[in-house]
Amino acid sequence: MIRITDILDRLNGYHPEADLDLVEKAYVYSARIHEGQVRLSGEPYLSHPLEVAGLLTELKLDPVSVTAGLLHDALEDTKATMEDLTELFGPQVTSIVEGVTKLGGLPFRSYEDRQAESVRKMILAMADDIRVILIKLCDRLHNMRTLQFQTEKKQATIAQETLDIYSPLANRLGIHWMKTELEDIAFMYLFPRQYADIADHVAKKRDEQEEYINTIKELIEAKMSEADLAGEIQGRHKHYYGIYHKMMNQGVDFEEVYDILAFRIVLNTIPECYQAIGVIHSIWKPIAKRFKDFISMPKPNMYQSLHTTVIGPFGERVEIQIRTNEMDRVADDGIAAHWQYKEKGHFDEKTGAAFTWLRKLVEEQKNIKDPDEFMESVHIELFPDEVYVFTPQGDVLGFPKGATPVDFAYAIHTEVGHQCSGSKVDGRMVSLKYELKTGQRVEIITSPNHQPSKDWLNFVKTAKARSRVRQHIKGRERKQSMILGREMCDKILRKHHMSLNKYLKSGEIKKAVSELGYKTADDLIASVGYGKVTPLQLVRHLLPKSEIEDEKDTIATKITGPIRGKKEKSGILVKGVDDVLVRFGKCCSPLPGDPVVGYITRGQGVTAHRTSCPHALNMDPERRIELEWSPDIAELYPVRIHVLCDDKMGLLAHITAAISNTEANILDATVKTRIDKRADCYFTISVLGADHLDKVIKSVKATKHVMKVTRLSA
């Protein structure tokens, strides 16, 4: 365990004028409020805030950050209050600690909703003060380093969340060493056998690779010396998850991953970098399209470097990066390397300009109320792989890879997006689905009467475009539902010689609005159109009981009229009852244990989707209805899985045995072999639920020569 004296020594080393008394006071206070608490490892709980503070000093952060790191769990796990922290440590420390603190004590529909709201809060706090996320990343890194003390299920959940949210955040903030460590630890827990295989391969080749690294370094040093270029040459191994990711993407074995080793040349000035790339290309032949200039066009996380891949001295591919000392520091520590806080706690304009993605995310979250939709927009912004295109005026705009002219149109203005009817790229007409490429000039053609299409949601890439299209479609559907709702209400009211307009004008409808749990009459009428409320339900609140005919109004009729088709037992309950026809979305095939949500389908009952299903995200939330799994389900459900494995004789028998050992029945199996000596195996199996499927996947993953097992949506 790191000691407070080590933290103070480090802080004093890079910040001689630091307020060490503030940090010491935070240590004493943290020790007192966490007294008696222990971690799952059996260590005193104080070890955790100390380790987090230690990681913050590795990033060379200011005393306020280190103080907040020592107190980051104070509001969540102790009786300390915000008033206490403000009185002792000031409002700045309190604000950061509050931003790091998870949401607690609030009711949420599911774990996914809680996670989404926690991430939303973190993003907002991070936009106000970037130190919030730096502390959160250090907190997550130490928790990952001690993940072995958690249960197996918790390990998988935390590791997956780390890969989904925290390592991409570290990457977006440019903190490379933290990103790679988070990925490698998560990889170790999610894919233990694959991790062990790669670690074993790397260990076996280490001596041979060290000799190779020294040979290449000597050749480069000699040529640099001839050109009067003084710099440092480094050789390094790629991290395990990076190797695994490349193997999966390229469908190759470990031996076929050519750039497991990479070389870096660190020089003093930018002109020297460009001189050095010329020297390297004069020694070895460069590979076309593998040269990238991130110095003149930095990545969004401020990363700058020249990248090239050449044919090395032994006929192999060699990846080389060339950068200055300052660029090297930024490449490792990212935003932390640009730490220039002013009195008000905001980073400088140059650094802030590099994080326009964060400002976009904060702006968009105001328009996104649905937790699943918000998490989708977060993922879009965290995995950008950007392309840069020109406006007709010559301005440069950055977009995620795969972005289309529709994304470009919404980036210009919402109305331009709504009215986008066509596009020209480099003067040539292209479809709205066309994927933009770096360096292209884009022009949007608009039409005043044009409206967004629901199909756009299938190809737009930016959070802003997706959000604006959804908003427009929801508004359009609401208008249609209002018209339909009025017609349905008027139809039944005419039987009693009444009209809806009469109740609207007199205000008599307000009582029905309140009793049925709506805010406005428009909301209630739209709900009738959507099918959430039947006209008969509304009329019963408007007319005396004696005037209403004895019409049936069951839960089934609430789903907008007669349901076509015979109802079968599904194991799904709609608001606590099971007498409604429920169909399962073929797009995601939900299983018992999966978080599910229902969507009302006129004349077809309710369709159940997994909450993470892209189709569910694109549907109108007004038609959403809460579902739950029946507690006494004993049904078998079909689900498809994909197994990527080596093409080995007898391996199919081992895989099917692994499935059978978990008491899952194989309904269908298809095997396709590849030219790269791999095989894609597709199985349809019957399982009792999500937990049963997890057991199947773990059993198959443990089979030798199996590379990857994934659940398929359809």
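No experiment lies behind these values; they were computed from the predicted model shown.

1. What about the pattern of salt bridges?
In total, this model carries 15 salt bridges according to the counting rule given. For Glu152, the salt bridge identified is with Lys698, shortest N-O distance 3.4 Å. Residue Glu152 is located in helix 10 (residues 152-172), and its partner Lys698 is located in helix 29 (residues 690-701); the two are separated by 546 residues in the primary sequence. In this structure Glu152 comes out as exposed when scored by relative accessible area, which is 54%. Judged by its relative accessible area of 43%, Lys698 falls in the partly exposed class. Across the pair Asp328 and Arg323 runs a salt bridge, and its minimum N-O distance is 2.9 Å. Accessibility classification places Asp328 together with Arg323 in one group, the buried group. Sharing partners across several salt bridges, the network here consists of Arg264, Arg323 and Asp328.

2. So, the nonpolar core
The biggest cluster of nonpolar side chains holds 72 residues, and the ones touching the most others in it are Leu71, Leu137 and Met178. Looking at which element gives the most residues to this core, the answer is helix 9 (residues 131-145), with eight residues. In this structure, Val606, Val643, Cys645 and Leu693 belong to the second largest nonpolar core, which totals 30 residues.

3. With respect to the packing of aromatic side chains
Under the definition given, this model contains 15 aromatic pairs. Ring centres of Phe187 and Tyr195 lie 5.6 Å apart, and the angle between their planes is 65°; on these two criteria the pair is classed as edge-to-face. No difference in accessibility class separates Phe187 from Tyr195, as the two residues are buried. Following the ring pairs from residue to residue traces out a cluster consisting of Phe187, Phe191, Tyr195, Tyr240, Tyr241 and Tyr244.

4. Here's the deal with the packing of helix 11 (residues 176-190) against helix 12 (residues 192-226)
Following both chains from N to C, one finds helix 11 and helix 12 inclined at 120°, their axes separated by 5 Å at the closest point. With respect to their mutual orientation, helix 11 and helix 12 come out oblique. Here Asp184, Phe187, Met188, Tyr189 and Leu190 of helix 11 come into contact with helix 12, specifically with Pro192, Gln194, Tyr195 and Ile198. Residues that form the contact of helix 11 with helix 12 fall into these classes: seven nonpolar, one polar and one charged.

5. Quick notes on the side chain of His72
The residue His72 is located in the loop between helix 4 (63-70) and helix 5 (74-77) in this model. Within the structure, His72 has its side chain in polar contact with the backbone oxygen of Gly69 (distance 2.7 Å). Contacts of His72, omitting those with residues within four sequence positions, involve His48, Pro49, Val52, Val97, Val100, Thr101, Ile135 and Asp139.

6. Quick notes on the state of the cysteines
For the structure on display, the rule yields zero disulfides. Not part of a disulfide, Cys645 finds its nearest cysteine sulfur in Cys681, a span of 3.8 Å.

Scoring rules and cut-offs
Residues numbered from 1 in each chain as written. Predicted model: local features only at pLDDT ≥ 70, side-chain atom pairs only at ≥ 80, totals over all residues. Heavy atoms only, no water. Salt bridge = Lys/Arg side-chain N within 4 Å of Asp/Glu carboxyl O. Helix = DSSP H or I, 4+ residues; strand = E, 2+ residues; numbered from the N terminus. Buried < 20%, exposed > 50% of the residue type's maximum accessible area, 1.4 Å probe, protein only. Core = buried A, V, L, I, M, F, W, Y, C linked by side-chain atoms within 4.5 Å. Phe/Tyr/Trp six-rings, centres within 6.5 Å; stacked < 30°, edge-to-face > 60°. Axes fitted to C-alpha atoms, helices over the stretch in contact; angles between N-to-C directions. Parallel < 35°, antiparallel > 145°, perpendicular 65-115°, else oblique. Contact = heavy atoms within 4.5 Å. Nonpolar A, V, L, I, M, F, W, Y, C, P; charged D, E, K, R; others polar. Polar contact = N/O pair within 3.5 Å; in protein donor to acceptor, adjacent residues only side chain to side chain. Disulfide = S-S within 2.5 Å.

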